[in-house]
Amino acid sequence: IYPFRPTNTTQDRGRLFPLPRPTSRPKAQLAKTMKCLSSSAPPGRRLLAGVLLLLQLASICAFIGVSAGERRLTNTFAPRATSNDADHDAANDAPAGQLEQLKKEEARLAALLASVRQEKLAVLRSRPLSIGVVGFGRFGQFIARSFAKYGNVFGSSRGDYADIASEMGAGYTPLSELGEYLVTNDVDVLVLAVSIVSFEDTVKDLVPYLERRLETRGDLPLIVDVASVKEHPRNILLDNLPKECDCLCTHPMFGPDSAAAGWQGQTFVYERTRIDGVLVDDSQSSPRVSHGQNFTSDTSTFMDENGIMHAVHELTEAHVEGMDRISRFLSIWEEEGCQMVRMSCSEHDEYAANSQFITHLTGRILGAQGLKATPVDTMGFKNLLRLIETTNADSFELFYGLYKYNSNSGYTIGRLRGALDDVVGELLQRDGIAPGVFDR
C-alpha cells in the first residue's frame, strides 16, 4: 500500500538517511485507495483507506520537499566548491612539461656533482699525501687500510707488523727507527694512533727529530691525533711540538667493529688546531657540520683563539699550503662517506662524556654483573648484551683513558650514581623500606 520505498542506490551513498523513492506504480496505488473511499465498502474499510490516503499524500510532500531542499543546498554549495577547486588547481597545477624539465635539471646537477667529485679525486691522487700511522695496532691498521687508497702509507709500532703492512700496500718502519725516518724522508702527515696513556711520551720522543727535520729540511709534517678524548692530547701537542708544526685534533667516532662494513655515515669529529703558528678556534667557525659527499668546508677564512678573523691569503704561503694539506687529509674521510663534524676540543669532551663515556661505563657495569643470554630474552635485553659485547671488546686502557683524561667524566659518574639512588629510592619508598637495604 505504501507507495514509496527506501533504496541504497548510488545517488543515496554518502547520505546519512537515504530518501524514499517512489514505487514503480505510485498512481495505481493512489487510484486504488481513492476507489476504496468512493465505493460502498464498509465504514471501517473506508476509514482505513482514508488514513492510508493521508499517509500517501504526506509521503509525497515529504519527498518533494526534501528533494527540493537538497537541490537548493546543492545549488548553494556547488558553486563555492567549484570555485575553491578552481583556485586549488590554479595554484597547484604545474604547467605541462614542468615535471620533465625538473627531472632533466636533476639529472644535470647529479652529473655535475659526479664530475666535481671525480675532479676532486683526481686532485687528491695527483698529489698523494705521504701518511705515517704511529701505533700500528688494530685501530692503526684499520685506518691505514683506507688511507692506502689515496696516498702513500707507512706504519710504525713497537711490534713487527711489516707483513700486515705489506698486505695492504703500505710500508713499515719500527718505532725505534721512526725518528731518523722522519728526518730524512718525505712525510706530509703523521697520525698518532697510540693509546691515550702513552700519548704524551710518544710526542716527547718525536720532538727532537722534528726539530732536526725543521733545521735540515725546513718543513714539518701535519701532526694528527685520533684519541677518544680531545683537550688532553691537544694540550700535549701545543705544549711540546715546535710552534711551526701544524696540528689537527680528530676523533673518528667508530672503529673496526662498528664500521666493519665501511665508513659510510660514520661520524668524524675534527678541530683544525694550529696552522702555520696560528691557533684556530673552531668553536666559532662555520660551517660546523657536513654530511659525507655534501661536505663544503670553507677554508677561505678562519677565527683564531683571540676572536680575530683571518683570510688565508693575508698570511704566508706556508699557511695556504697548510690549509691545503689539512683539506686533502680531511677529504679522505669525506670520500669514505663520513659525516664530518667540525667542533672544538672542549665541546667534544663535554658531549663525549654524556654519550661515549656513559655508554662504555654502562656496558662495563652490566658486564661486571655477568649477564648472559637466556631462552626468554626480549629484544631490549639482547640489545644490552650487544652493548656489553662491544664495550668490553675495547681494552680497559681505552676505557680508563676516557675517564682519566676527560674532566667531564667524573661529573657523569656522579650523575649516574645520583640517578640510580633516586630510582631505587622511589621503589623502596613505595614498599615502605628504608634506603640502604640493598647495600652490600
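All of these numbers come straight from a predicted model, not from anything done at the bench.

Side note on the overall build of the protein
Counting its regular elements, the protein contains 13 helices and 14 strands. Once local pairs closer than 6 in sequence are excluded, the contacts in the protein between residues at least 24 apart make up 64%. Taken as a whole, the protein presents about 25600 Å² of accessible surface, with 55% of it coming from carbon and sulfur.

A short note on the pairing of strand 4 (residues 152-156)
The buried count for strand 4 comes to 4 of 5 residues, which makes it a mostly enclosed element. One ladder, built from 5 bridges, connects strand 3 (residues 130-134) with strand 4; its direction is parallel. Pairing of S130 across the sheet is with N152, part of strand 4. Crossover handedness for the path strand 3 to helix 4 (residues 138-147) to strand 4: right-handed.

Here's the deal with the pattern of salt bridges
This structure, assessed with the given rule, holds 14 salt bridges. Across the salt bridge formed by K243 and E244, the nearest N and O atoms sit 3.5 Å from each other. For K243, a relative accessible area of 57% gives the class exposed. The network of salt bridges with shared partners includes D186, R213, R217 and D219.

Remarks on a nonpolar patch on the surface
Taken together, V197, F396, Y400 and Y403 make up a surface patch of nonpolar side chains, about 380 Å² in accessible area. Tracing the sequence through the fold places V197 in the loop between strand 6 (189-192) and helix 7 (199-217).

Describing the side chain of E271
Tracing the backbone through its elements, the reader meets E271 in strand 9 (residues 267-275). Within polar-contact distance, the side chain of E271 engages the side chain of T273 at 2.7 Å. Here the side chain of E271 touches C345 through a polar contact of 3.0 Å, landing on its backbone nitrogen.

With respect to the side chain of S344
By the element assignment, S344 lies in the loop between strand 14 (339-342) and helix 10 (345-368). Judged by its relative accessible area of 5%, S344 is buried. Only 3.3 Å separates the side chain of S344 from the side chain of S346, close enough to count as a polar contact.

A short note on unusual backbone geometry
Excluding glycine, a negative phi dihedral is what most residues carry, and trans is how most peptide bonds are arranged. With phi around 50°, D276 is a residue other than glycine that occupies positive phi space. Note on placement: D276 falls in the loop between strand 9 and strand 10 (278-279). The class for D276 is partly exposed, based on a relative accessible area of 29%.

Regarding the confidence of the model for the protein
For the protein, per-residue confidence averages 80 on the pLDDT scale, and 68% of positions sit at 70 or higher. The low-confidence segment residues 1-22, where pLDDT is below 50, has 41 contacts with residues more than four positions distant or belonging to other chains. Low pLDDT (under 50) marks residues 70-74, which in the prediction has 3 contacts with non-local residues, meaning those over four places away or in another chain.

Things to note about the packing of helix 7 against helix 8 (residues 231-240)
Where helix 7 meets helix 8, the closest approach of the two axes is 10 Å, and the angle between their N-to-C directions is 20°. Relative to helix 8, the element helix 7 is oriented roughly parallel. The chirality of how helix 7 crosses helix 8 is right-handed. For the pair helix 7 and helix 8, the contacting residues are F199, E200, V203, K204 and V207 in the first and P233, I236, L237 and N240 in the second. Taken together, the residues that form the contact of helix 7 with helix 8 break down as 6 nonpolar, 1 polar and 2 charged.

Regarding the environment of I236
Mapped onto the elements, I236 comes out in helix 8. Along the backbone, I236 and E200 are 36 residues apart, and their C-alpha atoms lie at a distance of 6.3 Å. Residues within four places of I236 in sequence aside, it is in contact with F199, E200, V203 and L241.

Focus: the environment of N240
Position of N240 among the secondary structure elements: in helix 8. A relative accessible area of 23% means that N240 is categorised as partly exposed. When the C-alpha positions of N240 and V207 are compared, they lie 7.2 Å apart, and in sequence the two are 33 residues distant. The contacts of N240, once residues within four sequence positions are left out, are V203, K204 and V207. Of the polar contacts made by the side chain of N240, one reaches the backbone oxygen of I236; its length is 2.8 Å.

What to know about the packing of aromatic side chains
Summed over all chains, the structure comprises 18 aromatic pairs. Plain terms: the ring middles of F254 and W333 are 6.4 Å apart, the flat faces sit at 65° to each other, and that makes the pair edge-to-face. Taken as a pair, F254 in the loop between strand 8 (247-252) and strand 9 and W333 in helix 9 (residues 317-335) lie far apart in primary sequence, 79 residues in all. A relative accessible area of 0% places W333 in the buried class. Pairwise contacts between aromatic rings join F139, F142, F147, F254, W263, F268, Y270, F329 and W333 into one cluster.

A word on the state of the cysteines
Applying the stated criterion across every chain, the model contains 0 disulfides. Considering cysteine sulfurs only, C247 is the nearest to C245, which forms no disulfide, with 5.2 Å between them. A residue is classified by how much of its surface remains accessible, and C245, at 0% relative accessible area, is buried.

Thoughts on helix 10
Side chains that are three or four residues apart share a direction in an α-helix, a result of its 3.6 residues per turn. The sharpest bend along helix 10 reaches about 55° and sits at A352. Among the residues making up helix 10, those that are buried are C345, H348, D349, A352, A353, Q356, F357, H360, L361, G363, R364 and L366. Once helix 10 ends, the next one or two residues include G370, with phi positive near 70°.

What counts and what doesn't
- Residues numbered from 1 in each chain as written.
- Predicted model: local features only at pLDDT ≥ 70, side-chain atom pairs only at ≥ 80, totals over all residues.
- Heavy atoms only, no water.
- Helix = DSSP H or I, 4+ residues; strand = E, 2+ residues; numbered from the N terminus.
- Contact = heavy atoms within 4.5 Å.
- Areas by Shrake-Rupley, 256 points an atom, 1.4 Å probe, with all protein chains shown as cover.
- Buried < 20%, exposed > 50% of the residue type's maximum accessible area, 1.4 Å probe, protein only.
- Pairing = 2+ DSSP bridges.
- Right-handed = clockwise from strand over helix to strand, strands pointing away.
- Salt bridge = Lys/Arg side-chain N within 4 Å of Asp/Glu carboxyl O.
- Patch = residues over 30% accessible without salt bridge, like charges linked within 9 Å, V, L, I, M, F, W, Y side chains within 5 Å.
- Polar contact = N/O pair within 3.5 Å; in protein donor to acceptor, adjacent residues only side chain to side chain.
- pLDDT = per-residue confidence, 0-100.
- Axes fitted to C-alpha atoms, helices over the stretch in contact; angles between N-to-C directions.
- Parallel < 35°, antiparallel > 145°, perpendicular 65-115°, else oblique.
- Left-handed = near helix turned anticlockwise from the far one by under 90°.
- Nonpolar A, V, L, I, M, F, W, Y, C, P; charged D, E, K, R; others polar.
- Phe/Tyr/Trp six-rings, centres within 6.5 Å; stacked < 30°, edge-to-face > 60°.
- Disulfide = S-S within 2.5 Å.
- Bend = angle between axes of the 7 residues up to and from the residue.

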